[in-house]
Amino acid sequence: MNTKTLNILLWVAQVILAIMFIMAGGMKTFQPIKEIANSIPWVTEAPVLLIRFIGLSELLGGLGLLLPSLLKIKPTLSVLAAYGLVIVMILATIFHVFRGEFQAIGMCIFLGLAAYFIAWGRSKKVKIA
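Conventions adopted
Here the residue numbers are simple positions, counted from 1 along each chain's written sequence. A pLDDT threshold of at least 70 governs which residues receive local features in this predicted model, and a stricter bar of 80 or more applies before side-chain atom pairs are shown or counted, although totals over entire chains, interfaces and linings include all residues. In computing side-chain values, all of the structure's heavy atoms are included and hydrogens and water are not. The helix and strand labels rest on DSSP assignments: H or I over at least four residues marks a helix, E over at least two residues marks a strand, and numbering proceeds from the N terminus. Note on contacts: a residue pair qualifies if any of its non-hydrogen atoms lie within 4.5 Å across the two residues. Here a polar contact is recorded for every N or O atom pair within 3.5 Å, except that within protein the pair must consist of a potential hydrogen donor and a potential acceptor, and residues adjacent in sequence are included only if both atoms are side-chain atoms. A fitted line through C-alpha atoms serves as each axis, taken over the contacting stretch for helices, and the angle formed by two N-to-C directions is quoted from 0 to 180°. Relative orientations are named as follows: roughly parallel for angles under 35 degrees, roughly antiparallel for angles over 145 degrees, roughly perpendicular for angles from 65 to 115 degrees, and oblique for any other angle. Less than a right angle of anticlockwise turn of the near helix away from the far helix marks a crossing as left-handed, whereas a clockwise turn marks it as right-handed. When residue character is reported, Ala, Val, Leu, Ile, Met, Phe, Trp, Tyr, Cys and Pro are called nonpolar, Asp, Glu, Lys and Arg charged, and the others, Gly included, polar. Two rings belonging to Phe, Tyr or Trp (six-membered ring only in the last case) form a pair when the distance between their centres is within 6.5 Å. Interplanar angles under 30 degrees mark stacking, angles over 60 mark edge-to-face geometry, and anything in between is tilted. Put simply, a charge is over a ring when the Lys NZ or the Arg CZ is close to the ring centre, within 6 Å, and near the line of the ring normal, within 35 degrees. To count toward a patch, a residue needs a relative accessible area above 30% and no salt bridge. Like charges then connect within 9 Å, nonpolar side chains (Val, Leu, Ile, Met, Phe, Trp, Tyr) within 5 Å. Areas reported as accessible are Shrake-Rupley estimates using a 1.4 Å probe. Residue values count occlusion only from the protein chains shown. Here, a salt bridge means any Lys or Arg side-chain nitrogen found within 4 Å of an Asp or Glu carboxyl oxygen. Categorising residues by exposure relies on relative accessible area from a 1.4 Å probe, with only protein chains included: less than 20% of the type maximum marks a residue as buried, more than 50% marks it as exposed, and the intermediate range marks it as partly exposed.

**Describing the environment of Ser 123**
Tracing the sequence through the fold places Ser 123 in helix α5 (residues 105-125). Distance in space between the C-alpha atoms of Ser 123 and Gly 100 is 35 Å, their sequence separation being 23 residues. For Ser 123, the contacting residues outside a window of four places in its chain are Val 79 and Tyr 83. Polar side-chain contacts of Ser 123 include one of 2.7 Å to the backbone oxygen of Ala 119.

**Looking at the packing of helix α3 (residues 48-71) against helix α4 (residues 76-99)**
Running from N to C, α3 and α4 cross one another at 155°; their axes reach a closest spacing of 7 Å. Of the possible angle classes, the one that applies to α3 and α4 is roughly antiparallel. Here the hand of the crossing between α3 and α4 comes out left-handed. Residue-level contacts link Ser 57, Glu 58, Gly 61, Gly 62, Gly 64, Leu 65, Leu 66, Pro 68 and Ser 69 of α3 to Leu 77, Ser 78, Ala 81, Ala 82, Leu 85 and Val 88 of α4. Of the residues contributing to the contact of α3 with α4, the split by class is eight nonpolar, six polar and one charged.

**A short note on the packing of aromatic side chains**
The description of an aromatic ring pair rests on the distance of the ring centres and on the angle between the ring planes. A full pass over the atoms with the stated rule returns three aromatic pairs. One residue, Arg 122, lies across the ring of Trp 11, its end atom 5.1 Å from the ring centre.

**Looking at the packing of α4 against α5**
Relative orientation of the contacting elements α4 and α5 amounts to 160°, with a least axis distance of 8 Å. Judged by the inter-axis angle, α4 sits roughly antiparallel to α5. Pair α4 / α5 crosses with left-handed handedness. Residues Val 79, Ala 82, Tyr 83, Leu 85, Val 86, Met 89, Ala 92, Thr 93, His 96 and Val 97 of α4 lie in contact with α5, whose contacting residues are Ile 105, Cys 108, Ile 109, Leu 111, Gly 112, Ala 115, Tyr 116, Ile 118, Ala 119, Arg 122 and Ser 123. Of the residues assigned to the contact of α4 with α5, the class counts are 16 nonpolar, four polar and one charged.

**Observations concerning a nonpolar patch on the surface**
A surface patch of nonpolar side chains, amounting to about 650 Å² of accessible area, comprises Leu 56, Leu 60, Leu 63, Leu 67, Leu 70, Leu 71 and Ile 73. In this fold, Leu 63 is placed in helix α3. Residue class for Leu 63 comes out partly exposed when judged on its relative accessible area of 32%.

Rendered as structure tokens:
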């Protein structure tokens, strides 16, 4: 695969993943818990501070995937944001395993692999100057 194609794939992955994490993180950070529980039932069983921490982590990770690369201000921060989201998805997978929510694990793994693809691609193959 040539560099131009890989760069396009990385940008597509960055934009899609950023949108997903910004939306999910924004919801967990700013919406009332009762509203979040309509789409994510487990939030009623977890501490509010944990929900807000997860939301803030996802929100900042999503912004970190895009802003440093788009603005070309310390673009290596996008790589660190991607690695951070890999960690978030590993922890989410473990969380869902312990809760027996096996239907959620596939998405966690997919998102973690997509974040790893971005981290790998932007650190090793197509760096943003």
